[in-house]
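The lines below spell out each chain.
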Amino acid sequence: MPLVNSEDKNQPGTAIANTKTRVVGYDIAKVLAMFLVVLLHYSFYVGSIPDSRITRAAMTITVVCVPTFITVNGAILLNKPLNVKKHARKLLRVAMLLFIWRGIHIVAYRILGSPSIGVAQVVSILLGNTGVDGYLTGHFWFLEALIALYAILPIIKLAFDNEDKRPLAIAIGALALLTFGLDGIRSVAEAFFGSPGTKLSATLQPISNLNIFGPYGYLIVYFVVGGFLGSKRATDAVRKHSPTAFALVALAIVSVGITVALHEAQYSGKLVGPFSTKNGYWLPMTLLETIALVILCLALGNAINSSKIKRFATFMGSNTLGVYLLHMFVMTAAARTHVVDYFIPQSLSPATRLIISALFVLSIQVLLSIVSDLLRKTPAVKWLFSL
């Protein structure tokens, strides 16, 4: 999953010095989020995780995967100087990478056995169509969202750097109500109140038209919240074990329980599959869980003294983009060869199969991180693995 670098040696100043002290915490958050991304896609495409109450409950934690990436992006980018020219080049580079990697995926899927498609379908996929059978490119929505977010970053940065944070707080608060608040109410209504709840949800739907930022507007909330979490003041509070931080973590634990209950109701009402949560990324509970997770990762990063662990976390964190770009090839190959069935017999209990699957996903993440690191050092292709 693409993320900005935690360090930028070309940007001097105290903001970068402060970021360096928090780089391990950011890397831990990135690695954990990437693990959840791969685990979620593994559950969709490989199919070795059985459908049971315990596996459904455990998999609800994956709702924090993308929000965590966006939050860490905000924590890093909003707390360092913005070079507009470099940012414009980065925005163009992300757009080019999106187009090129879609093309690479088309070729790879064809080699792996996907049906032959015509020129019109190829162009359609390159432009963002995810409905072509056998060509799994839906995960590229994140790069699309990143482009949309980066396009307005200079405006967000200008507001964030303003000494008076009230205008930004008002804007983000309103956006949060139009996304997390509205969709939270609609999700609860649909899941717990049947037909009347569905009608209420449809009645409330037009209010979302007030969200001028469209379907990715909720990501701005995560991004700006990340900026505040990445500030020196917030990080110092975490380092000092602020009671507020612990209270937030406790609230997040309660939020996990609510998310599990909500997902179970959605599943029982046939609104979702076993391992996906409807409106999962923009539930208010997910926002709280994401904030708590980033705080815990920052605290853990501050607590780690081992240089070997720090180097490993940095290595894994710096290769999340590569894992994101490569992991669907492994998922597709595993699904079509059924190789996982040899290692995870169906006779095992659902909990055991989930644990073994998680370990398998972790091994994939480590392996792809090594491959990504090698490719990032290969002159001919290294530009494909860097934002």
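Read on for a plain summary of the structure. (Residues numbered from 1 in each chain as written. Predicted model: local features only at pLDDT ≥ 70, side-chain atom pairs only at ≥ 80, totals over all residues. Heavy atoms only, no water.)

## Details of the packing of aromatic side chains
- Counted by the stated rule, this structure contains 16 aromatic pairs.
- Between phenylalanine 140 and tyrosine 324 the ring centres are 6.2 Å apart and the planes differ by 85 degrees, which places this aromatic pair in the edge-to-face class. Placement of the pair is phenylalanine 140 in the loop between helix H5 (119-126) and helix H6 (141-151) and tyrosine 324 in helix H15 (residues 320-337), with a sequence separation of 184 residues.
- Seen from their ring centres, tyrosine 218 and tryptophan 282 are 4.8 Å apart, and the 50 degrees between their planes marks the pair as tilted. Here tyrosine 218, found in helix H10 (residues 217-229), pairs with tryptophan 282, found in the loop between helix H12 (243-268) and helix H13 (284-303); they are 64 residues apart in sequence, far enough to count as distant.
- Residue tyrosine 218 is classed as buried on the basis of its relative accessible area, which comes to 4%. (Phe/Tyr/Trp six-rings, centres within 6.5 Å; stacked < 30°, edge-to-face > 60°. Helix = DSSP H or I, 4+ residues; strand = E, 2+ residues; numbered from the N terminus. Buried < 20%, exposed > 50% of the residue type's maximum accessible area, 1.4 Å probe, protein only.)

## Remarks on the pattern of salt bridges
- Evaluation of the coordinates by the stated rule reveals eleven salt bridges.
- Aspartate 51 serves as the salt-bridge partner of arginine 56, at 2.7 Å between the closest nitrogen and oxygen.
- You can call arginine 56 buried: its relative accessible area is 8%.
- On the basis of relative accessibility, which here comes to 39%, the residue aspartate 51 falls in the partly exposed class.
- Here glutamate 264 ties to arginine 56 by a salt bridge, and the two come within 2.5 Å at their closest N and O atoms. (Salt bridge = Lys/Arg side-chain N within 4 Å of Asp/Glu carboxyl O.)

## Re the packing of helix H8 (residues 166-192) against helix H9 (residues 194-204)
- With their axes 6 Å apart at the nearest point, H8 and H9 run at an angle of 155 degrees to one another. Here H8 is positioned roughly antiparallel relative to H9, judged by the angle of their axes. Every pair of crossing elements has a handedness; the one defined by H8 and H9 is left-handed. Contacts from Leu182, Ile185, Arg186, Ala189, Glu190 and Phe192 of H8 reach H9 at Gly194, Gly197, Thr198, Leu200, Ser201 and Leu204.
- Taken together, the residues of the contact of H8 with H9 break down into six nonpolar, four polar and two charged. (Axes fitted to C-alpha atoms, helices over the stretch in contact; angles between N-to-C directions. Parallel < 35°, antiparallel > 145°, perpendicular 65-115°, else oblique. Left-handed = near helix turned anticlockwise from the far one by under 90°. Contact = heavy atoms within 4.5 Å. Nonpolar A, V, L, I, M, F, W, Y, C, P; charged D, E, K, R; others polar.)

## Brief notes about the nonpolar core
- Judged by nonpolar contacts, the single largest core of 94 residues is most densely connected at Tyr42, Ile70, Trp101, Val221, Phe223 and Tyr324.
- Sort the elements by how many residues they give to this core and helix H1 (residues 14-45) lands first, with 14 residues. (Core = buried A, V, L, I, M, F, W, Y, C linked by side-chain atoms within 4.5 Å.)

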